[in-house]
Amino acid sequence: MNLTELNRIATAMVAPGKGILAADESSGTIKKRFDAIGVESTEANRRDYREMLFRSNEAMSQYISGVILYDETIWQDAKDGTPLIKLIEQSGAIPGIKVDEGTQALPMCPGELVTVGLDKLAERLKKYYERGARFAKWRAVIDIGSGIPSMTAISVNAHALARYAALCQAAQIVPIVEPEVLMDGDHDIDRCYDVTQRVLNKTFQELRVQRVALEGMVLKPNMAISGKKSPKQAGVEEVAEKTVRLLKACVPAAVPGIAFLSGGQSDEEATAHLNAMHKLGPLPWGLTFSYGRALQAAPQKAWSGKAENVAAGQRAFSHRARMNGLASKGEWQSSLEKKAA
Ligand code: 13P
């Protein structure tokens with residue numbers, strides 16, 4: 001393992017002004033997104049859609065540091081025969097790959113999940129590295145509800161995250177460690193804070209036990225935020241203040257960077273929260289976005305599967321990428337959104 005090189009990549013992934021495009025929707029998830037815009041989820045449509053994103057020159061060269069791909073995409077070619085991964089490299093962004101294989105029910109823990117995909121992971125990582133991937137992603141899912149999460153769910157998921165991270169570093173790939181505490185419930189922000197604190201502490205304990213080099217990884221957490229169904233919705237300042245406090249308490253400064261998931265926040269909320277956190281700086285790590293929905297909802301709608309809408313889709317993507325790029329430096333203002341509209 002070359003830790004200097006892992007650290008160089010991890011640092012580039014969270015460079016100020018840039019963040020990560022999570023375009024690694026599994027076939028099931030992208031079908032849901034396409035259903036919402038009335039597009040059939042065929043291999044060709046998935047290719048055309050992602051080619052549109054990766055050919056968005058303004059966004060890709062100025063605001064996107066890396067792209068997380070799904071297995072299908074990393075082996076796919078653009079319409080003209082150029083591998084899609086080459087389009088990403090040519091833009092200056094770093095290609096990455098989702099390597100978990102989704103979730104399964106966790107035995108003895110009703111309603112809880114464990115992320116799978118460790119079997120043969122070492123061999124798969126080798127192939128992805130040869131194809132050009134320089135970082136990977138593994139997402140653990142922790143739900144908040146009555147009596148959950150259990151310590152069992154937190155432990156087994158943290159253990160799997162650390163197993164994955166160690167295998168990545170041995171394969172010279174930077175692991176994005178993503179323990180996602182869902183915002184689906186009716187819990188308030190303080191409950192989210194407590195659960196996320198337990199999850200992050202256990203995750204870093206496992207990372208240390210399994211000898212993962214913190215300098216060569218990126219953390220992808222949820223923010224401390226109210227559950228979507230909570231009657232008590234915390235405002236932007238509270239989310240920013242509590243999230244920064246939580247991360248400072250749990251994430252060692254040796255970690256080069258933190259890149260948030262959007263998790264179901266609206267586009268503008270996800271941007272405003274990141275921006276407000278930077279107003280509380282200086283921070284001990286790079287802090288940016290690794291959004292899926294909050295970067296792609298607008299371009300998906302603008303594109304709607306029509307070739308004549310590609311330019312509009314690219315404009316929508318570039319706008320969200322630029323807004324989040326500014327937020328990653330604390331330089332975003334809501335008036336910039338209105339101007340664009
Ligand atoms: P969202 O930003 O849509 O939550 O997706 C990010 C991601 O990669 C989840 O694993």
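Given the structure is predicted, the values throughout are model-derived calculations rather than measurements.

Caption draft 1: Here's a closer look at the side chain of threonine 243. Among the secondary structure elements, threonine 243 is positioned in helix 10 (residues 236-250). Setting aside anything within four residues of it in sequence, one finds threonine 243 in contact with Met223, Ala224, Phe260 and Met277.

Caption draft 2: View of the side chain of glutamate 51. Mapped onto the fold, glutamate 51 is located in helix 3 (residues 43-54). A distance of 2.8 Å separates polar atoms of two side chains, one belonging to glutamate 51 and the other to arginine 55.

Caption draft 3: Quick peek at helix 3. In this model, helix 3 (12 residues) spans 16 Å end to end at C-alpha, consistent with the 16 Å of a helix rising 1.5 Å per residue. Those residues of helix 3 lying buried are Arg46, Arg47, Tyr49, Arg50, Glu51, Met52, Leu53 and Phe54.

Caption draft 4: Expanded view of the nonpolar core. Of all hydrophobic cores here, the largest spans 99 residues; its most connected members are Phe54, Ile64 and Tyr164. Setting aside residues up to four positions removed in sequence, isoleucine 64 forms contacts with Lys18, Gly19, Leu21, Ala59, Ala93, Phe289, Leu295, Phe317 and Ala321. Grouped together as the second largest cluster of nonpolar side chains are six residues, Ile142, Ile144, Val181 and Val199 included.

Caption draft 5: View of the sheet that holds strand 7 (residues 174-181). Spatially, the eight strands close up into a barrel ordered 1-2-3-6-7-8-9-10, and their pairing is parallel. Sheet analysis places strand 9 (residues 257-260) next to strand 10 (residues 286-291), joined by four bridges and oriented parallel. Within strand 10, the residue paired with phenylalanine 260 across the bridge is phenylalanine 289. Most of the contacts of helix 11 (residues 267-278) go to strand 10, to which it runs at about 175°, and overall it touches strand 9 and strand 10.

Caption draft 6: Up close: the pattern of salt bridges. Per the counting criterion, the structure on display carries 21 salt bridges. With its nearest N and O atoms 3.5 Å apart, the salt bridge here joins lysine 98 to aspartate 24. Taken as a pair, lysine 98 in strand 3 (residues 94-98) and aspartate 24 in the loop between strand 1 (19-23) and helix 2 (27-36) lie far apart in primary sequence, 74 residues in all. Exposure class is identical for lysine 98 and aspartate 24. Each is buried. Close ionic contact of glutamate 178 with lysine 137 constitutes a salt bridge, the shortest N to O distance being 3.4 Å.

Caption draft 7: Highlighting the site of the ligand. What surrounds the ligand is a group of 13 residues, the closest being Lys137, Lys220, Ser262, Gly263 and Arg293. Side-chain polar atom of lysine 137 to an oxygen atom of the ligand: 2.5 Å apart, as the coordinates give it. Contact between the ligand and arginine 293: an oxygen atom at 2.7 Å from a side-chain N or O atom of the residue. Taken by itself the ligand offers 300 Å² of open surface, and the protein chains cover 92% of this. Among the secondary structure elements, those contributing two or more residues to the shell around the ligand are strand 6 (135-142) and strand 10. Looking at side-chain class alone, the shell around the ligand contains three nonpolar, four polar and six charged residues.

Cut-offs applied
Residues numbered from 1 in each chain as written. Predicted model: local features only at pLDDT ≥ 70, side-chain atom pairs only at ≥ 80, totals over all residues. Heavy atoms only, no water. Helix = DSSP H or I, 4+ residues; strand = E, 2+ residues; numbered from the N terminus. Contact = heavy atoms within 4.5 Å. Polar contact = N/O pair within 3.5 Å; in protein donor to acceptor, adjacent residues only side chain to side chain. Expected span 1.5 Å × (residues − 1). Buried < 20%, exposed > 50% of the residue type's maximum accessible area, 1.4 Å probe, protein only. Core = buried A, V, L, I, M, F, W, Y, C linked by side-chain atoms within 4.5 Å. Pairing = 2+ DSSP bridges. Axes fitted to C-alpha atoms, helices over the stretch in contact; angles between N-to-C directions. Salt bridge = Lys/Arg side-chain N within 4 Å of Asp/Glu carboxyl O. Near = heavy atom within 4 Å. Areas by Shrake-Rupley, 256 points an atom, 1.4 Å probe, with all protein chains shown as cover. Nonpolar A, V, L, I, M, F, W, Y, C, P; charged D, E, K, R; others polar.

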